[in-house]
Amino acid sequence: MLKIQNLTAHYGAAQALFGVNLEIAKGETVALVGANGAGKSTLLKCLMGLIKPTGGQISLDNKDTTNSSPAQMVRLGLALSPEGREVFGELSVLENLQLGAIPLKLSKGESARRMDEVFSRFPKLQERRQQLAGTLSGGEQQMLAMGRALMAQPTLLLLDEPSLGLAPLITDEIFSIIHQLSRSGTTILLVEQNAARALSASDKAYLLANGHIVEQGKSAKLLNDPVLRSAFLGAASEANPAASRLGAAGLTNIRLEKPAMQQQNFMPTFTSEEELKSHQLAGLKWTVRHAYEGSSVYRQKLEAADVTPESIQSLEDLQKLPFTTADDLREGYPFPLRSVPFEQIVRVHASSGTTGKRKVLSYTQKDLDDWTDFFARCYQMAGVTPLDRVQIAVGYGVWTAGMGFQLGCEKVGALAVPVGPGNIDMQIQFLLDFQSTVFCSTASMALLMAEEIHKRGVADQIAIKKIIYGSERSSRSMRQKISELFGGAELFDITGLTELYGPGTGIECSEHDCIHYWGDYYILEILDPETLQPVPDGEWGEMVVTTLCKEGAPLIRYRTRDITRMIPGRCPCGSILPRHSRIKGRSDDTIKFRGVNIYPSSIDTILSAVPGIGSEYQIHLTRDNAGRDHMRLVIERAEGVDSKRGPELSHEIGHQIKKQLLVSVELELVDYSSLPRSERKSQRVFDNRIQDEIV
Ligand code: ZN
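Residues numbered from 1 in each chain as written. Predicted model: local features only at pLDDT ≥ 70, side-chain atom pairs only at ≥ 80, totals over all residues. Heavy atoms only, no water.

**Structural notes on the overall build of the protein chain**
Line of reasoning, step 1. Within the protein chain, the regular secondary structure consists of 21 helices and 30 strands.
Line of reasoning, step 2. The C-alpha atoms of the protein chain give 29 Å as radius of gyration, which agrees with the globular expectation for 695 residues (26 Å, within 12%).
Line of reasoning, step 3. Seen through its C-alpha atoms, the protein chain measures out along the principal axes to roughly 90 × 70 × 45 Å.
Line of reasoning, step 4. Expressed as a percentage of the 695 residues in the protein chain, the buried residues total 54%.
Line of reasoning, step 5. Of the contacts formed within the protein chain by residues at least 6 apart in sequence, a portion of 67% connects residues at least 24 apart. (Helix = DSSP H or I, 4+ residues; strand = E, 2+ residues; numbered from the N terminus. Rg over C-alpha atoms; globule rule 2.2 N^0.38 Å. Buried < 20%, exposed > 50% of the residue type's maximum accessible area, 1.4 Å probe, protein only. Contact = heavy atoms within 4.5 Å.)

Following this line, the structure appears as C-alpha cells:
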C-alpha cells in the first residue's frame, strides 16, 4: 500500500534521513522505532507532505505522492494522530472530533455516523463529549487525538508516539485500542520510542537510528533477538536491575557495563561430531557393563536379548539393546534399576505417577554433580549470569524440578529465590522487591503470572528479562502472550524428565528454533513408536534415551513417550550441541479420533493462527450411543474481543480444522479468562470416550 524508496530529507544543510526504504501492506501494523532525534518525525512529516523530501520517492497504492500537499494526503486517506496529541483545549471533545472530518466535507448524516463509530471505540469520549478537551487527562487526550484521526476513516493511520508521557496503566489501555484497530483491519504506522511495546503491538518493524534504517523484520523475531535486546533495551546490572525496564521504556540505550567476573564455562569440551561419537561409544560401553554388573534386572534383560558388555563395539550396537519402559520402573518399586550398592546412593527422587506406583530414581553424588553441571549449562545457554536473580516457581520436595533449578542456579553463581509454585501474591511481591530478572515455572504458571502482572498494572515495575519454562507443551500464541504481558521477556523452553536425572537435559537457545540437548550425557534416538525402528533425521518419532555416565539408575533405551524430531546440521547460534524440535506431544496421548491421529499440538498451531482467539482451550471427546465419536473444542476469545464475533471466529476455526486435520468438530467460544488456569500442567484433553484409566 505504502512504499518509501531511498528517501532523503534535510533541515537546511543538516541531513536528517539517509536513503530510507519502508513498505506497508494493506491491513498491516508496522512499527517505526527509534530514539529521540533518530528521524522518525521527519519521516512522518515527509509522508504527510509537511516537509519536502530532498530525494527518493513515496508512493501510495502505486501512485507517486512524493510532493503532495498535506490536504492532498488527507484526501488520499492518510490521517495523523500527532505527537503531543495537539488537541484544541478550548474546544469540546465533540468539536475536536468534528475537526477531523472537515477537510472531507462530509454530509451531516455521514459525519454523525462516523462520530458514533468513534464513540463505540472510545466510550470515555462519549461520556465527556461536552467537556473541554483541555480538561481531559493525558490518556483521554490521546484517545481524542486518535478518535479525531479516525473520523477521516483513513486508509493509513499514522500514530506518532501514542504512549509518550502516559502512565503504564493508561499506556496499556491505549495499546489495547491500537490492537483492536489493527485487528479490525486498519493499516497502521506506529511511531514509538517504547520499543518493547511497539514491537509487541506490530507485525513488522523498522528500527531507525541517526536517519538510517538499521534493522527491520518481523516484530516477534526482533523482540526476541538477543543482540537487539542488549543494544536497544539495555542490560540490567546488580547496581541497577531496573535498567532493562528503563531502556525498554525509553529506548534510551542505557547500557551498564558488567563488572569483570570469573564466569565458569559449562559448555562441552568436544569440538567435532567425531569426538562426540567416540565419547558416546565409551559411555555406552561403560553403561552396559555397569548395568550388567550392578543390576540383576538389567542383567536378566540383557541376557534375554543375548547381549553381553563385550557385544558393544560401535554405536550401531545400540540397536541390539533391549528397551526399558515406565513399566520396568513401576515393577521395580521402590528402587528400580538400581545399579550401585545402597551406601553409594545419596538421594532419591520420584516422579508423579498418575496410576499405580510412582517412579522412584536413585542418585549417587556423581549423578547429582553431573545434573548440577548440565543444569548450569542450561542457564548459561539462556544467558543467565551471576548478576541475575532467579525466581524459582516450580515444585520442590521429592519432585526433581525445584532441586534441579536450584542447584544449577547456585552453580552458575546467580541469586536463587526459591519460592516454589503457587503463592501468586508472594511471587509478585518478590518480583517487585527483589527485582528478579529470571522466572522459572511451568508454561501455565507463567501465563497465570503474566495475566496477574497485567491485571495489577505492574509490568513496568518488574525486571524479568527471561522466562525458563518446562514440563508441558505451549502454543505459539501462549508464548507470545506471556512474553508480552511480562513486558517483552525472552522465553526458553527447558526439557527433562525425572527418569533422566530431572529437568535440564536440554534447552531452547537464543535462536528460539530448537532445543539443544546434552549429547555428552545421553544418546538420543528417535524411533517410530509402532515399529520401534529409527525414523530418518527430521521426521517425528518417540524420544528414546540411553545414559552415558549415570550411576544410580542408568537408563538403557528408555522409552520417554515424548514425540520430537532431530534437527540435522549446526545451529546458527554456534553451539556444537545437537538439537531436536520442541516436544510435540506424547506417543501415548495422541488423540485417535474417527481413525485420524491428532496431536493436541496441531490444534495449538491452528488456533494460534486465528486472530481473535486466546491461548486457552479444551478438547472434549465423547462417544454417543451409536458408537460415534464427537470432538468439542471449548476455546477462549482473546482479551477484548467482542462476543458478537463468535460466529465468524467459529466458522474460521471449523474451516481450518477441517482443512488441516480432516475432521469436523463442534466449537464453543467462551469469554476470555473463563477457562481454568493452573499452576501445574493445564489439562487440555478430556477424553470421556473410555471410562477406564488406560494403564
Ligand atoms: Zn542454537
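**Here's the deal with the sheet that holds strand S13 (residues 389–392)**
Line of reasoning, step 1. Pairing in this open sheet of 8 strands is mixed, and the strands run S14-S13-S15-S16-S17-S18-S19-S23 from one edge to the other. Every interior strand has two partners, whereas the edge strands, strand S14 (415–418) and strand S23 (579–580), have only one.
Line of reasoning, step 2. On top of the sheet, helix H17 (residues 424–433) reaches S13, S14 and strand S15 (438–442); it is set at about 180° to S13, its chief contact.
Line of reasoning, step 3. Across the sheet, helix H18 (residues 443–456) is in contact with S15 and strand S16 (466–470); its angle to S15 comes to roughly 125°. (Pairing = 2+ DSSP bridges. Axes fitted to C-alpha atoms, helices over the stretch in contact; angles between N-to-C directions.)

**Notes on the domain arrangement of the protein chain**
Accessible area lost upon the coming together of the parts is a frequently used measure of interface size.
Line of reasoning, step 1. Along its sequence, the protein chain is organised into domain 1 (2–224) and domain 2 (592–687).
Line of reasoning, step 2. Relative to domain 2, the C-alpha centre of domain 1 lies at a distance of 36 Å. (Domains from an automatic or database assignment.)

**Focus on the environment of Glu-451**
Line of reasoning, step 1. You can see Glu-451 is positioned in helix H18.
Line of reasoning, step 2. On the basis of relative accessibility, which here comes to 12%, the residue Glu-451 falls in the buried class.
Line of reasoning, step 3. The sequence separation of Glu-451 and Leu-485 amounts to 34 residues, and the corresponding C-alpha distance is 6.8 Å.
Line of reasoning, step 4. With residues up to four places along the chain from it excluded, the contact list for Glu-451 reads Lys-481, Leu-485, Tyr-672 and Arg-677.
Line of reasoning, step 5. A distance of 2.9 Å separates polar atoms of two side chains, one belonging to Glu-451 and the other to Tyr-672. (Polar contact = N/O pair within 3.5 Å; in protein donor to acceptor, adjacent residues only side chain to side chain.)

**Overview of the coordination of the zinc ion**
Under perfect tetrahedral coordination by four donors, a metal shows angles of 109.5 degrees; under perfect octahedral coordination by six donors, it shows angles of 90 or 180 degrees.
Line of reasoning, step 1. Around the zinc ion, the donor atoms from the protein are Cys-509 (SG), His-516 (NE2), Cys-571 (SG) and Cys-573 (SG), and they sit 2.1 to 2.3 Å away.
Line of reasoning, step 2. Classification of the site at the zinc ion rests on its 4 donor atoms, whose angles at the metal span 103 to 114°, yielding the label tetrahedral. (Donors = N, O, S within 2.8 Å, 3.2 Å for Na, K, Ca; no water. Tetrahedral: all angles 85-135°; square planar, octahedral: opposite > 155°, others 65-115°.)

**Re the pattern of salt bridges**
Line of reasoning, step 1. Enumeration according to the criterion identifies 36 salt bridges in this entry.
Line of reasoning, step 2. Residue Lys-644 pairs with Asp-642 through a salt bridge whose shortest N-O separation is 3.9 Å.
Line of reasoning, step 3. Assessed through its relative accessible area of 38%, Asp-642 is described here as partly exposed.
Line of reasoning, step 4. It is possible to trace a salt-bridge network through shared partners that takes in Glu-110, Arg-113, Arg-114 and Glu-117. (Salt bridge = Lys/Arg side-chain N within 4 Å of Asp/Glu carboxyl O.)

**As for the nonpolar core**
Inside soluble globular proteins, nonpolar side chains tend to come together where they are buried.
Line of reasoning, step 1. Leu-321, Tyr-379, Val-390, Phe-405, Ile-468, Ile-507 and Trp-518 are the most contacted members of the largest nonpolar core, which totals 66 residues.
Line of reasoning, step 2. The element best represented in this core is helix H15 (residues 365–381), accounting for 8 residues.
Line of reasoning, step 3. Once residues lying within four places of it in the same chain are set aside, the contact partners of Phe-405 are Phe-375, Tyr-379, Ile-392, Val-394, Cys-440, Ile-468, Ile-494 and Pro-503.
Line of reasoning, step 4. Counting residues in hydrophobic clusters, the runner-up holds 40 residues, among them Ala-79, Phe-122, Leu-150 and Ile-177. (Core = buried A, V, L, I, M, F, W, Y, C linked by side-chain atoms within 4.5 Å.)

**Section: the packing of H15 against helix H16 (residues 400–412)**
Line of reasoning, step 1. Between H15 and H16, the shortest axis-to-axis distance is 8 Å and the interhelical angle comes to 75°. The angle between the axes of H15 and H16 places the two elements in the roughly perpendicular class. Facing H15, whose interface residues are Trp-371, Thr-372, Asp-373, Phe-375, Ala-376 and Tyr-379, H16 presents Thr-400, Met-403, Gly-404, Phe-405, Leu-407, Gly-408, Cys-409, Lys-411 and Val-412. (Parallel < 35°, antiparallel > 145°, perpendicular 65-115°, else oblique.)

**Quick notes on the sheet that holds strand S3 (residues 29–33)**
Across a sheet, strands are paired by hydrogen bonds formed along the backbone, either parallel or antiparallel in direction.
Line of reasoning, step 1. Spatially, 6 strands are ordered S6-S7-S8-S3-S9-S10 in an open sheet, and the strand pairing comes out mixed. Only two strands of the sheet have a single partner each, and these edge strands are strand S6 (78–81) and strand S10 (212–218). Adjacent strand axes in the sheet meet at a mean angle of 15° when their direction is disregarded.
Line of reasoning, step 2. With 4 bridges connecting them, S6 and strand S7 (residues 156–160) associate as parallel partners.

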